[in-house]
Structures are given as structure tokens and as C-alpha cells.
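Here is what each chain is made of, one letter per residue.
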Amino acid sequence: MDRQTYDRGREIRAAVLGEAYVAQAAAGDDFAAPFQDLVTEYCWGAVWGRDGLSRRTRSMLNLAMIAVLNRPNELRTHVKGALTNGVTREEIRELFMQVAIYAGVPAAVDSFRIAREAFAEYGGSR
């Protein structure tokens, strides 16, 4: 593990998803701990830590990809992260409209539902 990349990843992950989320993920069990380390180092440190795209842009890309992949738990988490990164509710709506056309209405229906729930949770926790 590259400690500098890991530490940068933890910093970014906490800034986007919140310290409580990161602490909960890190407090997992021995089974999941190596996976969480991998996600923190490579996903958040090596990729999110690059200068080529803003966090806002990365959030928008994640929302589209996760919606298409039908990963509701990750989508909920990343909707909140996108709001933290300055993506507006209106932009999230437009993004999911685009998902409807290119990936299918059912993917967008679920995405809109999950986003509404995430908006309520985000508003209640911030």
C-alpha cells in the first residue's frame, strides 16, 4: 500500500462522503477491511486524487454510471456526495433524464426515487 495515496484517498473520501461514513466503512470486520483499504487507496486516492477532473465532474460521472449499473446503495451515497461537491438537484434531475434516454426508463425511475430519498436524508443530516 502506498501510504501517501491512501491518506489522500481517505481525505477525499471523508470530504465527499463525510467522516461518519468513512469511519463506519473503516470499522468493518476483518473480512471487508482489505477491500475498504483498496477502495480508499485506488478509487479515492489514485483516481479521485487526480487533477484532470473536478470533484463535481467526477460526482456527475459517478451518478450516471452507478444509475446505469443499478447499484441503489452506492447511488444513494453518491447523490449525497454530489450535493456536497456542488452538483445541484436540478443537475441531478437532468443527469437522470439523460440516463432514461441512453440506459432505459427503468434505470431512471429507480434513480429518481433513490435521489428523492437521498435529498431528504442529506437535508436532514446537514
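Remember, predicted model here, so these are calculated numbers, not experimental data.

Asks: Teacher, can you tell me more about the overall build of the protein chain here?
Replies: When its secondary structure is counted, the protein chain shows seven helices and zero strands. Scanning the protein chain from its N terminus toward the C terminus, one meets helices and strands in the order α-α-α-α-α-α-α. For the protein chain, whose C-alpha radius of gyration is 15 Å, the value lies close to the compact-globule estimate of 14 Å for 126 residues. Once the C-alpha set of the protein chain is aligned to its principal axes, its extents read approximately 40 × 30 × 25 Å. Within the span of the protein chain, comprising 126 residues, buried residues form 37% of the whole.

Asks: What should I look at first to understand the packing of helix H1 (residues 3–17) against helix H5 (residues 72–84) in this one?
Replies: Helix-helix packing: each pair is described by the crossing angle between the helix axes and the interaxial distance. Put simply, H1 and H5 touch, their axes get as near as 7 Å, and they point 90° apart. Considering their axes alone, H1 and H5 lie roughly perpendicular with respect to each other. Residue-level contacts link Ala15, Val16 and Leu17 of H1 to Thr77, Gly81 and Thr84 of H5. Split into classes, the residues belonging to the contact of H1 with H5 amount to three nonpolar, three polar and no charged.

Asks: Sorry if this is basic, but what is going on with the UniProt feature "domain: Carboxymuconolactone decarboxylase-like" (unreviewed entry) in the protein chain here?
Replies: The UniProt feature table records "domain: Carboxymuconolactone decarboxylase-like" (unreviewed entry) at residues 34–117. The span residues 34–117 shows a helical share of 83% and a strand share of 0%, and its end C-alpha atoms are spaced 30 Å apart.

Asks: What's the story with the nonpolar core in this structure? I'm lost.
Replies: For soluble globular proteins, the rule of thumb is that nonpolar side chains tend to be buried together. Ranked by internal contacts, the top residues of the largest apolar core, which has 18 residues, are Leu63, Leu75, Val79, Ile92 and Phe96. Considering each element in turn, this core owes the most residues, six residues, to helix H7 (residues 105–125). Ile12, Val16, Val39 and Trp44 belong to the second-largest nonpolar core, a separate cluster that totals six residues.

Asks: Got a minute to help me understand the domain arrangement of the protein chain in this structure?
Replies: By convention, interface size is frequently given as the accessible area that disappears when the constituent parts associate. Domain boundaries in the protein chain define domain 1 (1–51) and domain 2 (52–125). Computed from C-alpha coordinates alone, the two centres of domain 1 and domain 2 are separated by 21 Å. Taken together, the 11 residues of domain 1 in the interface contact 12 residues of domain 2. Between domain 1 and domain 2 lies a buried interface of about 940 Å² when both sides are counted; carbon and sulfur atoms form 54% of it. Broken down residue by residue, the surface that domain 1 buries against domain 2 is led by Val16, Trp48 and Asp51, which jointly contribute 52%. At the junction of domain 1 with domain 2, the criterion picks out zero salt bridges. Counting the contacts that link domain 1 with domain 2 gives three residue pairs in polar contact (both at pLDDT 80 or more). When contributions to the side of domain 1 that touches domain 2 are tallied by element, the ones reaching two or more residues are H1 and helix H3 (33–47). Top element by residues in the side of domain 1 that touches domain 2 is H1. It accounts for five residues. Split by residue class, the side of domain 1 that touches domain 2 holds eight nonpolar, no polar and three charged.

Conventions used here
Residues numbered from 1 in each chain as written. Predicted model: local features only at pLDDT ≥ 70, side-chain atom pairs only at ≥ 80, totals over all residues. Heavy atoms only, no water. Helix = DSSP H or I, 4+ residues; strand = E, 2+ residues; numbered from the N terminus. Rg over C-alpha atoms; globule rule 2.2 N^0.38 Å. Buried < 20%, exposed > 50% of the residue type's maximum accessible area, 1.4 Å probe, protein only. Axes fitted to C-alpha atoms, helices over the stretch in contact; angles between N-to-C directions. Parallel < 35°, antiparallel > 145°, perpendicular 65-115°, else oblique. Contact = heavy atoms within 4.5 Å. Nonpolar A, V, L, I, M, F, W, Y, C, P; charged D, E, K, R; others polar. UniProt positions renumbered as here; feature names shortened; annotations may be inferred. Core = buried A, V, L, I, M, F, W, Y, C linked by side-chain atoms within 4.5 Å. Domains from an automatic or database assignment. Buried area = accessible area lost by both parts, 1.4 Å probe. Salt bridge = Lys/Arg side-chain N within 4 Å of Asp/Glu carboxyl O. Polar contact = N/O pair within 3.5 Å; in protein donor to acceptor, adjacent residues only side chain to side chain.

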